[in-house]
Amino acid sequence: MTSSLPSQDHGHGSAPGGGHGMHAKHNLTGFIIFLLSESVIFLAFFSGYAMLKLGALDWLPPGVEGLEWQTPLINTIVLVSSSGTIYLAEREMARHNIWGFRAWWLLTMALGAYFLWGQAVEWSGLKFGFTTGTFGGTFYLLTGFHGLHVLTGVLLMALMLGKSFIPNNYKGGEQGVQATSLFWHFVDVIWIILFVLLYVWQRS
Amino acid sequence: MTTSAPFDPRILKSNAPVPGAPDNWKRFFSFNTDAKVIGIQYISVAIFFLLVGGLLAMIMRGELITPENDLVDRTVYNGLYTMHGTIMLFMFIFPVLNGLNNLLIPPMIGAPDMAFPRLNAVAFWMVPLFGVILMASFLLPGGPANAGWWSYPPVSTQNPLGHLISGESMWLLAVALSGVSSIIGALNFVTTIIRMRAPGMTFFRMPVFIWTVWAAQTLQLIGLPALTGGAIMLLFDLVVGTSFFQPEGGGDPVLYQHFFWFYSHPAVYVIILPVFGIFSELFSVHSRKPLFGYAFVAVASFVIVFLGLIVWVHHFFPSGVPEWMRNLFMVTTMLISVPTGVKVFAWLATIWGGKIQLNTPMLFCLGGLFNFVFAGVTGIMLATVPIDIHVNNTYFVVGHFHYVIYGAAVMGIFAAIYHWFSKFTGRMYYEGLGKLHFALTFIGSNLNFFPMHPLGLMGMPRRVSSYDPEFTFWNVVASLGSFLLGVSIIPFLLNMISSWVRGPKAPQNPWQAIGLEWLLPSPPPAENFEDNVPTVISGPYGYGTGKPLVENQAAYENQQFQEV
């Protein structure tokens, strides 16, 4: 009966041993569609935040003057520059310089981790909590949900870094690296919008 | 993204029992990555939940056959309509459509399988998972969620028993899982359609069903994340005590309605668009004529996507919505009848003067089209702000959307199941039982849902278990109709099971239809065309034109694939 199995090589352009589920180009298409879809959650949160803020009688809870913006600005600069370093890492990859890739990649991870740490420091110094009206609710919802994405990005980068040590793994470039990089730029753009909405737009 | 794939999916996918692999029927109970297996898994699970949701509906109709509240407790009744709506939408209609997508997309576009077969299987197996979560909520001390399937705050954020695991939190969990599953599915379908078509199959050579699925799944990708966002905020309100939707904390309950309907209105198009595709395919085949205005019918799907995203406020005109918003959304809602009308007239022109074959799939299509036009007329009425405010939250609305969902969409789905049954089982269904099923469904659905319109105009509110005696007559009629609908499913189940087990063997192309899926044997082999993907050389629906669909067509017709 085994002889009636379909022929071994299916010619789907898949990597040897990749089997049926590996359609190289589809992964990136699928990932881009996923990111577009994911951005709608943020859009929903942003528009919800704007509607609540515009409709509020007293936006700031009692005892809260506003948000301190200097430290988050440093955080922003760190995150934006990490978009540059991940680009450099990808360029090294394209030049087949695997150690150059690893160095820039690791630096990007460090910048991402610094951002998370800065976020944690900011959270711990705040005088309001998640349940402090819609001001506290939207603040923690937006920064928390974005922070989860940053964390996911750093973990994905760690995974890709680990995979770079498998011999010859990244010879022809790597889908996962491209996807992670796209994800990282996405997280970055979301943060810029978030920074404008939360820290720049303080007057209600 | 893994580089080493130790298992070969083809072993699971083979039609023949392979040593150490699940044999033929057992594959339907395994984590199988074959789209054709997953499709049948989806449809079977969905039909099981159709029975569950239908049973809940019949209990409600049993309650409503008399004006008094005498069959079930009022709280139980609230749980019944909440769970009926939730089960029918998230457990029946989305899964059954995803089942059809899985069965039909790859063969119709000449692809071997979906773009991401393993994700596809994951998306399917989440359905029984959240089904169990949803059903388990019946066993909780406070009963299942009972805030209606909209789950509007502040009703939905009441938690009288104070438990963390309440009917409402289970409901939110199930809906969130359903959303994840649908997004994974949509990703898969859209990627497959964009990237895996047969050579020569340009966008304007795709069957309309593929166009409509593409449009519908695009809506899922845009709309579902918004609902997920709203559901996350509602969950925080319920469990953590935030006040996004709580007025006492500065929140806004109407904001939830925006989130909810931004998805849940387009969800109606997610349901009805593939059914438009089914109508387009079947009217053409069973009238032996090319589809009238193919390009317009195809493009109208995306016009509906665009307009469908900007009409959501019409669901809550009375909820303190500003006047300008009401007027704006009234206009956009009415505009949507233009692309829809394009399709309806195209179908009428297609069957006009055709050699109509009144077999079961065609009867279901005609019945579905009749019901759809009726629902379209009441839809225009409801779009009008003054009428909507008058009949809002009455049975008029219930009647309207049941005509769309059951009268049109479910009848279209039945049509598709009968039409493609032979292709995927290799057996023919029994025509007599099919026609009986059609007659009972058509009469039952009209008997059940038509009386809701006069009831609504008379002012009977929805979601009540007792009512004034003057509403009795129409309620009795509707209840009888619902029991008839319950009976109508019996010939369907009999037909499906008996013809799959011992029905007559189906030929490759019983309808003399034109389409890539009909160039495959019945049932198709695991990877469809494998390496012999045909090159498409003309558009679909070439009935009566004599133009071949693919290069070297004769080789594919009545081919002898290697028998397994």
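Residues numbered from 1 in each chain as written. Chains lettered and ligands numbered in written order. Predicted model: local features only at pLDDT ≥ 70, side-chain atom pairs only at ≥ 80, totals over all residues. Heavy atoms only, no water.

### Concerning the overall build of chain B
When its secondary structure is counted, chain B shows 17 helices and 0 strands. The C-alpha atoms of chain B give a radius of gyration of 24 Å, which matches the 24 Å a tight globule of 564 residues would have. With 564 residues in all, chain B has 63% of them scored as buried. By element, 71% of the accessible surface of chain B is carried by carbon and sulfur atoms, the whole surface being about 20200 Å². Each charge class in chain B can be summarised by its mean position, and for the 24 positive and 25 negative side chains these summaries are 12 Å apart. (Helix = DSSP H or I, 4+ residues; strand = E, 2+ residues; numbered from the N terminus. Rg over C-alpha atoms; globule rule 2.2 N^0.38 Å. Buried < 20%, exposed > 50% of the residue type's maximum accessible area, 1.4 Å probe, protein only. Areas by Shrake-Rupley, 256 points an atom, 1.4 Å probe, with all protein chains shown as cover. Lys, Arg positive; Asp, Glu negative; His and termini not counted. Charge placed at Lys NZ, Arg CZ, Asp CG, Glu CD.)

### Here we look at unusual backbone geometry
Residue and element names in this part refer to chain B. In this chain, Pro153 is followed by Pro154 through a cis amide linkage whose omega measures 5 degrees. Within the secondary structure, Pro154 sits in the loop between helix H4 (117-136) and helix H5 (167-195). Looking along the chain, the bond that leaves Ser522 and enters Pro523 is cis, with omega of -10 degrees. Structurally, Pro523 is set in the loop between helix H16 (472-502) and helix H17 (553-556). Non-glycine residue Arg463 carries a positive phi angle of around 60 degrees. One non-glycine residue with positive phi stands out, namely Asn552, at about 55 degrees. Note on placement: Asn552 falls in the loop between H16 and H17.

### Looking at the confidence of the model for chain A
Confidence in the prediction for chain A averages 85 pLDDT; 86% of positions are at 70 or higher. In this model, residues 1-22 of chain A is a region of pLDDT below 50 whose contacts with residues beyond four sequence positions or in other chains number 38 contacts. (pLDDT = per-residue confidence, 0-100. Contact = heavy atoms within 4.5 Å.)

### A short note on the pattern of salt bridges
Counted according to the given criterion, the structure contains 2 salt bridges over all chains. Here Glu92 of chain A ties to Arg95 of chain A by a salt bridge, and the two come within 3.6 Å at their closest N and O atoms. Owing to a relative accessible area of 12%, Glu92 of chain A belongs among the buried residues under this scheme. Note that Glu323 of chain B and Arg326 of chain B form a salt bridge whose closest N and O atoms lie 3.8 Å from each other. Here Glu323 of chain B pairs with Arg326 of chain B, and both are found in helix H9 (residues 323-335), just 3 residues apart, close to one helical turn. In this structure Arg326 of chain B comes out as buried when scored by relative accessible area, which is 16%. (Salt bridge = Lys/Arg side-chain N within 4 Å of Asp/Glu carboxyl O.)

### Some thoughts on the environment of Ser466 of chain B
Residues and elements named next belong to chain B. Topologically, Ser466 is positioned in the loop between helix H15 (452-458) and H16. Residue classification places Ser466 among the partly exposed positions, given a relative accessible area of 23%. Considered as a pair, Ser466 and Glu63 are 403 residues apart in the sequence and their alpha carbons are 8.0 Å apart. Leaving out residues up to four positions away in the same chain, Ser466 has contacts with Pro67, Glu68, Asn69 and Arg74. For Ser466, the side chain forms a polar contact with the side chain of Arg74, separated by 3.1 Å. (Polar contact = N/O pair within 3.5 Å; in protein donor to acceptor, adjacent residues only side chain to side chain.)

### Focus: the packing of aromatic side chains
Inspection of every chain in the model, using the stated rule, returns 70 aromatic pairs over all chains. A ring pair is formed by Phe124 of chain B and Trp125 of chain B, whose centres lie 5.0 Å apart and whose planes are at 75 degrees; its orientation type is edge-to-face. On the basis of relative accessibility, which here comes to 31%, the residue Trp125 of chain B falls in the partly exposed class. A cation over a ring is seen here: Lys53 of chain A above Trp201 of chain A, with NZ or CZ 4.3 Å from the ring centre. (Phe/Tyr/Trp six-rings, centres within 6.5 Å; stacked < 30°, edge-to-face > 60°. Lys NZ or Arg CZ within 6 Å of the ring centre and 35° of its normal.)

### Digging into helix H3 (residues 74-109) of chain B
Residue and element names in this part refer to chain B. Taking 1.5 Å of rise per residue, 36 residues should cover 52 Å, and H3 covers 50 Å from first to last C-alpha, within 8% of that figure. Where H3 bends most, the angle comes to about 30 degrees, and this point is Met88. Of all the 36 residues making up H3, 32 are buried; the element is thus mostly covered by neighbouring parts of the structure. Of the residues flanking the end of H3, it is Gly110, one or two places downstream, whose phi is positive at about 80 degrees. (Expected span 1.5 Å × (residues − 1). Bend = angle between axes of the 7 residues up to and from the residue.)

### Considerations on the nonpolar core
Nonpolar side chains tend toward joint burial in soluble globular proteins. Counting residues in each nonpolar core, the largest one holds 232 residues, and the members touching the most others are Trp105 of chain A together with Ile93, Ile272, Leu273 and Leu516 of chain B. Excluding residues within four positions of it along the chain, Leu516 of chain B makes contact with Pro107, Met108, Ile109, Gly110, Ala198, Met201, Phe529, Pro534, Val536, Leu549 and Val550 of chain B. (Core = buried A, V, L, I, M, F, W, Y, C linked by side-chain atoms within 4.5 Å.)

### Examining the side chain of Ser137 of chain B
Residues and elements named next belong to chain B. Tracing the sequence through the fold places Ser137 in the loop between H4 and H5. Accessibility expressed as a relative area gives 2% for Ser137, which makes it buried. In this structure the side chain of Ser137 is engaged in a polar contact, spanning 2.7 Å, whose partner is the backbone oxygen of Leu134. Sequence-distant contacts of Ser137, that is, excluding residues within four places in its chain, are made with Met83, Gly143, Pro144, Gly167 and Met170.

### Description of the packing of H3 of chain B against H5 of chain B
All names here are of chain B. For the pair H3 and H5, interaxial distance at closest approach is 11 Å and the crossing angle is 15 degrees. If you check the angle between H3 and H5, you find them roughly parallel. The two elements H3 and H5 meet at a crossing, and its hand is left-handed. For the pair H3 and H5, the contacting residues are Thr82, Thr86, Phe90, Asn98, Asn101, Asn102, Ile105 and Ile109 in the first and Trp171, Val175, Ser178, Phe189, Thr192 and Ile193 in the second. In terms of residue class, the contact of H3 with H5 is made up of 7 nonpolar, 7 polar and no charged. (Axes fitted to C-alpha atoms, helices over the stretch in contact; angles between N-to-C directions. Parallel < 35°, antiparallel > 145°, perpendicular 65-115°, else oblique. Left-handed = near helix turned anticlockwise from the far one by under 90°. Nonpolar A, V, L, I, M, F, W, Y, C, P; charged D, E, K, R; others polar.)

### Topic: the confidence of the model for chain B
Residue and element names in this part refer to chain B. Mean pLDDT over chain B: 91, with 95% of residues reaching 70 or higher. Considering each helix and strand of chain B separately, the mean pLDDT is smallest for helix H1 (residues 9-13), with a value of 45, and largest for helix H14 (residues 431-449), with 97. Across residues 1-14, confidence stays below pLDDT 50; counting only partners more than four residues off in sequence or on other chains, it has 33 contacts. Across residues 16-22, confidence stays below pLDDT 50; counting only partners more than four residues off in sequence or on other chains, it has 11 contacts.

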